[in-house]
Amino acid sequence: MNRKAFLWFPLVVLALLAGGCTSGTKLGGLGVDVVTIRSAQPDLLETEVVLGLRYTNENVVPVGFRGSRHKFYLNGTYIGQAVSNQPVGLAPLSTGTQDVTVMVKNGALLGVLRTLSQQSQASYRIESTLFVTAGEERMEIKSRREGSVDLAGILPVAGGR
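The residue count restarts for each chain, going from 1 along the sequence in the order it is written. For a predicted model such as this one, the threshold for reporting local features is a pLDDT of at least 70, and the threshold for listing and counting side-chain atom pairs is 80 or more; totals across whole chains, interfaces and linings nevertheless cover every residue. Excluded from the side-chain calculation are hydrogens and water; included are all heavy atoms of the structure.

(A) Geometry of the pairing of strand E2 (residues 48-57). Each residue gets one of three labels from its accessible area relative to the maximum for its type: buried under 20%, exposed over 50%, partly exposed in between, using a 1.4 Å probe on protein chains only. Working definition: helices are DSSP H or I runs of at least four residues, strands are E runs of at least two. Numbering for both runs from the N terminus. In terms of burial, E2 is largely enclosed, as eight of its 10 residues are buried. Pairing of strand E1 (residues 30-39) with E2, which is carried by nine bridges, proceeds in the antiparallel orientation. When the bridges of E2 are listed, Val32 appears paired with Tyr55. Note that E2 and strand E6 (residues 94-104) share 10 bridges and pair antiparallel. Considered in E6, the bridge of Thr56 is made with Thr95. Strands pair, by our definition, only if DSSP identifies at least two bridges between them.

The structure is reproduced here in structure tokens:
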């Protein structure tokens, strides 16, 4: 009886491995970084800022984004959210850029601008959800990145305080 079990064991293992090879596409290495920030409106009652984003595809397959959602923070303060329905296509191992508009919580931005008025840069965090298509498969890929961004594009707005 043990001999029969021993003979079936390699076939069961082989079947499990073959089944694992046919599972869905796994994508990793997708990132979103903020490269620019600028005012969308030239007044103190700012309700929108435009972020220049750089998408990075570290995969060896092309990736297409149907759209995206981004939560944006400056120096740890939530500034607002951007959504985009503009498709973005990335070749394998490449980058691409896109501008998105953040709907700003006015109090949050003005408070951050007051504290940053003497600085030319601020730290940022962006939490993104990318609505990706890979072949026939559709999925949501999450990305969270931190870095610093030049504030020259928005600080002139605060200069008139």
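Now, onward.
(B) How the structure looks around the environment of Lys105. Mapped onto the elements of the fold, Lys105 is located in the loop between E6 and helix H2 (106-116). Spatially, the C-alpha atom of Lys105 lies 8.2 Å from that of Tyr78, the residues being 27 residues apart in sequence. Residues are treated as being in contact if the distance between any of their heavy atoms lies within 4.5 Å. Each residue touching Lys105, except ones within four places of it in the same chain, is listed here: Tyr78 and Ile79.

(C) Molecular detail of the packing of aromatic side chains. When two rings of Phe, Tyr or Trp (its six-membered ring) have centres within 6.5 Å they constitute a pair, described as stacked for plane angles under 30 degrees, edge-to-face for angles over 60, and tilted for the intermediate range. Overall, the coordinates contain two aromatic pairs when judged by the stated rule. Geometrically, a charge over a ring is one whose NZ (Lys) or CZ (Arg) sits within 6 Å of the ring centre while staying within 35 degrees of the ring normal. Directly above the ring of Tyr73 sits Arg125, whose terminal nitrogen or CZ lies 3.8 Å from the centroid.

(D) Region of the structure containing the side chain of Asn57. Structurally, Asn57 is set in strand E2. Judged by relative accessible area, which is 1%, Asn57 ranks as buried. Counting of polar contacts relies on pairs of N or O atoms within 3.5 Å, with two restrictions inside protein: one atom must be capable of donating a hydrogen and the other of accepting it, and residues adjacent in sequence are counted only when both atoms are side-chain atoms. Here the side chain of Asn57 touches Asn59 through a polar contact of 2.8 Å, side chain to side chain. Within polar-contact distance, the side chain of Asn57 engages the backbone oxygen of Val61 at 3.1 Å. Every residue in contact with Asn57, bar those within four places of it in the chain, is listed here: Gly29, Leu30, Pro62, Val63, Leu90, Ala91, Pro92, Leu93 and Ser94.

(E) Layout of the pattern of salt bridges. Any Lys or Arg side-chain nitrogen located within 4 Å of an Asp or Glu carboxyl oxygen qualifies as a salt bridge. Applying the stated criterion across every chain, the model contains five salt bridges. The partner of Arg145 in a salt bridge is Asp33, with the nearest N and O atoms 2.8 Å apart. Placement of the pair is Arg145 in strand E8 (residues 137-150) and Asp33 in strand E1, with a sequence separation of 112 residues. We note a salt bridge from Arg38 to Asp99, for which the minimum N-O separation is 3.4 Å. Here Arg38, found in strand E1, pairs with Asp99, found in strand E6; they are 61 residues apart in sequence, far enough to count as distant. Judged by its relative accessible area of 37%, Arg38 is partly exposed. Among the charged side chains, a network of salt bridges with common partners joins Arg125, Glu127, Arg144 and Glu146.

(F) Local environment of a nonpolar patch on the surface. The residues that make up patches have over 30% relative accessible area and no salt bridge, and they are joined within 9 Å when like-charged or within 5 Å when they are Val, Leu, Ile, Met, Phe, Trp or Tyr. Each accessible area is a Shrake-Rupley estimate made with a 1.4 Å probe; only the visible protein chains count as cover when residues are assessed. A surface patch of nonpolar side chains, amounting to about 300 Å² of accessible area, comprises Val60, Val61 and Leu93. Residue placement: Val61 occurs in the loop between E2 and strand E3 (63-74). Taking the relative accessible area as the measure of exposure, Val61 reaches 36% and is therefore partly exposed.

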